[in-house]
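Now for the letters of each chain:
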Amino acid sequence: MILRKVLIAAAASFAIFAYSCKTVEPKPVAPAKPNDFLQKLALKLEKNDFDGALSLYDTLTPEEAASPQNRITKAGIYLSAGRPALAREEVNAVISSTVSPDPFNIEARYVLSVVEAAEKKLRQQRILLEDIIKDKPNFVPALNDLGRISVEMQKNLKKAANFYETALKAEPSNTDSLVGRSRVYRLEKKYDEALDMLNKAAAFHPKSAYVYNERGRLYRSRGALDEAITDMDMAVKLDPNSYWYSYDRGLTLIDKNRKREALDEFKRATRLNPNMFMSYVYTAGISDELGLDDEAEKSYKKIISLKPDYYFGFEGAGVHSLKKGDYSSAAYNFTQAWNYAKEETNYALLAAYSLRKADKSNSTGHKDNAAKDAARNIVNEAIKVVKRDTLDYYVLRLFSESMGDTDVARRVERESDGISKVRGYFYLSCFYELSNIPALAERYAEEFRKYDRRDLVEFRINEILHPDNNIVVKEAAPSPALR
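**Regarding the overall build of the protein**
Here comes step 1: A count of helices and strands for the protein gives 27 helices and zero strands.
Here comes step 2: Across the 483 residues of the protein, 50% fall into the buried class.
Here comes step 3: Considering only contacts within the protein whose residues lie at least 6 apart along the sequence, 50% involve residues at least 24 apart.
Here comes step 4: Surface accessibility of the protein: about 22500 Å² in total, with carbon and sulfur atoms responsible for 49%.

This is the structure in structure tokens:
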């Protein structure tokens, strides 16, 4: 039925995206029976040209445009175009002119449930879906959505399994039912059963990128990386325009330590959807590990523009600013990171260090007390969130008051907390560098590096500040994106 082909491709794909942000239904295909309007509509939808698809309704007579089938299809297009209020108007018109068990009434109520989901009215959506299956117990799209709701909102796997099983009895080859049942098995840690469901889906739908990607994700979760990449290669081949298939393939390539290929895959994902920040996290991280500084810095800046509260973006940008000797930019970036993560007081210390370095690198030789005051103000603010009896407190005081270094050094030696201890060595090194005591700066930088804490941002900065340290570093420290 052409109605279902167009509607489910347009409307249900929005519902799937709203729940998982991972899967997209196959694009609608041209109908088997000649119908000029529907053929043109399908072609527009294949290209995601929603405005073009909607404009085709102007070619219909008022009577044709008002038919239940055309109204429901139009509502699905409005949903895919991100205009749920207009979708609601169309389906309400159908609902008011039909009664259950009229199939158009059921279809319209289902699309209305998707509208409710799009507008975050999830309770209303569930009520609508439950009413639909009271009238039509084997209506598969509603059963699948209730299965997802049971998993993701109600955490009721038994209930979800029942919905998917009912759907599969009505339609054994339904892709969403098979994948949904597989996901429930996976959550129940029944991996063989989960794989069996996806194998059935692949047998029914050998050209479904969605199925191959889902099976690839299952393989990856089990550590079967060769099988995972084989399926994900197929998914990307079948649907090269899917951001999420490209993204999942990139993750699997990282697992296989094929980082250059992973970088290319994540770059492709950014081209497919330039507004999704997660792919930039990986282009930044991998570029860092491969020593591609310019590419890494561009990615960190993109992360900042898309999602500033992901403070690792500011951290990464700050590291690259330090590497270039742009201390003012480093101070800004670390300050911003600290603003978003007040509990991470090391960002305040890095901002203070960068401000002091910016002052020292002033080409005029003029030392600006304002820089010292700004650095002191940042660490004084950070002190407020730290317990007084901790090493972190005394390190912050050292940067605020520029005294007490001997006491801090003793406390570092006695410190039992691993992270605080190694960071204590690092910030002692920074303090002595700012105090123009290079021998002590080098000594504590070397002590810091001996602990090999590559998971800390300070490790990467220490490599920048003390490149001639005698301890050999065999591989680059991980970037914040990949820690």
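The structure having been displayed, the exposition proceeds.
**A few points about the nonpolar core**
Nonpolar side chains in soluble globular proteins generally cluster together in the buried interior.
Here comes step 1: Of all hydrophobic cores here, the largest spans 73 residues; its most connected members are F334, L350, F399, V408, L428 and I461.
Here comes step 2: Setting aside residues no more than four positions away along its own chain, V408 makes contact with L391, Y394, V395, L398 and L428.
Here comes step 3: In this structure, F50, Y78, V111 and I132 belong to the second largest nonpolar core, which totals 37 residues.

**Description of helix α9 (residues 140-152)**
Here comes step 1: Between its first and last C-alpha, α9 extends 18 Å over 13 residues, near the 18 Å set by a 1.5 Å rise per residue.
Here comes step 2: Counted residue by residue, α9 has twelve buried out of 13 residues, so it is predominantly covered.
Here comes step 3: Taken as a whole, α9 has its buried residues at V140, P141, A142, L143, N144, D145, L146, G147, R148, I149, S150 and V151.

**A few points about the side chain of R109**
Here comes step 1: If you trace the backbone, R109 turns up in helix α7 (residues 103-118).
Here comes step 2: Judged by relative accessible area, which is 11%, R109 ranks as buried.
Here comes step 3: Here the side chain of R109 touches D131 through a polar contact of 3.3 Å, landing on its backbone oxygen.
Here comes step 4: The residues touching R109, leaving out its near neighbours within four places in the chain, are I95, S100, L128, D131, I132 and D135.

**A word on the packing of α9 against helix α11 (residues 175-187)**
Here comes step 1: The contact between α9 and α11 brings their axes to 10 Å, and the two run at 20°. With respect to α11, the element α9 is oriented roughly parallel. As for how α9 packs across α11, the hand of that crossing is left-handed. The residues of α11 that touch α9, namely those facing V140, N144 and V151, are D176, S177, V184 and L187.

**A closer look at the packing of aromatic side chains**
Here comes step 1: This model, assessed by the stated rule, comprises 24 aromatic pairs.
Here comes step 2: Look at Y311 and Y347: their rings are 5.8 Å apart centre to centre, the planes differ by 70°, and that puts the pair in the edge-to-face class. Of the two residues, Y311 is situated in the loop between α18 (293-306) and α19 (312-324) and Y347 in helix α21 (residues 345-360); the sequence distance between them amounts to 36 residues. Each member of the pair, Y311 together with Y347, is buried.
Here comes step 3: Each residue in the set F399, Y425, F426, Y427, F431, Y432, Y444, F448, Y451 and F459 is aromatic and connected to the rest through ring pairs, giving one cluster.
Here comes step 4: The ring of W338 has K342 lying over it, and the distance from NZ or CZ to the ring centre is 3.5 Å.
Here comes step 5: Stacked on the ring of Y394, the Lys or Arg R411 has its end atom at 3.6 Å from the ring centre.

**Overview of the side chain of R249**
Here comes step 1: Summarising the element assignment, R249 is placed in helix α15 (residues 243-255).
Here comes step 2: Here R249 falls in the buried class, since its relative accessible area comes to 14%.
Here comes step 3: Contacts of R249, omitting those with residues within four sequence positions, involve I229, M232, D233, V236 and E265.

**A few points about the environment of N48**
Here comes step 1: Assignment of secondary structure puts N48 in the loop between α2 (36-46) and α3 (50-55).
Here comes step 2: Distance in space between the C-alpha atoms of N48 and A81 is 8.6 Å, their sequence separation being 33 residues.

**Comments concerning the confidence of the model for the protein**
Low pLDDT means the predicted coordinates in that region are not meant to be read closely.
Here comes step 1: Across the protein, the average pLDDT comes to 89, with 88% of residues at or above 70.
Here comes step 2: Note that residues 1-34 has pLDDT below 50 and, in this model, 89 contacts with residues that lie over four places away or in other chains.

**Looking at the environment of G180**
Here comes step 1: By the element assignment, G180 lies in helix α11.
Here comes step 2: Sequence-wise, G180 and G147 are 33 residues apart; in three dimensions their C-alpha atoms are separated by 7.2 Å.

**Quick word on the pattern of salt bridges**
Here comes step 1: For the structure on display, the rule yields 41 salt bridges.
Here comes step 2: The partner of R423 in a salt bridge is E458, with the nearest N and O atoms 3.0 Å apart. Note that R423 is positioned in helix α25 (residues 418-434) and E458 in helix α27 (residues 457-465), a separation of 35 residues in sequence. Per residue, the accessibility class of R423 equals that of E458, and both read buried.
Here comes step 3: One network of salt bridges, with partners in common, ties together R88, E116, E119 and K121.

Reading the values: rules and limits
- Residues numbered from 1 in each chain as written.
- Predicted model: local features only at pLDDT ≥ 70, side-chain atom pairs only at ≥ 80, totals over all residues.
- Heavy atoms only, no water.
- Helix = DSSP H or I, 4+ residues; strand = E, 2+ residues; numbered from the N terminus.
- Buried < 20%, exposed > 50% of the residue type's maximum accessible area, 1.4 Å probe, protein only.
- Contact = heavy atoms within 4.5 Å.
- Areas by Shrake-Rupley, 256 points an atom, 1.4 Å probe, with all protein chains shown as cover.
- Core = buried A, V, L, I, M, F, W, Y, C linked by side-chain atoms within 4.5 Å.
- Expected span 1.5 Å × (residues − 1).
- Polar contact = N/O pair within 3.5 Å; in protein donor to acceptor, adjacent residues only side chain to side chain.
- Axes fitted to C-alpha atoms, helices over the stretch in contact; angles between N-to-C directions.
- Parallel < 35°, antiparallel > 145°, perpendicular 65-115°, else oblique.
- Left-handed = near helix turned anticlockwise from the far one by under 90°.
- Phe/Tyr/Trp six-rings, centres within 6.5 Å; stacked < 30°, edge-to-face > 60°.
- Lys NZ or Arg CZ within 6 Å of the ring centre and 35° of its normal.
- pLDDT = per-residue confidence, 0-100.
- Salt bridge = Lys/Arg side-chain N within 4 Å of Asp/Glu carboxyl O.

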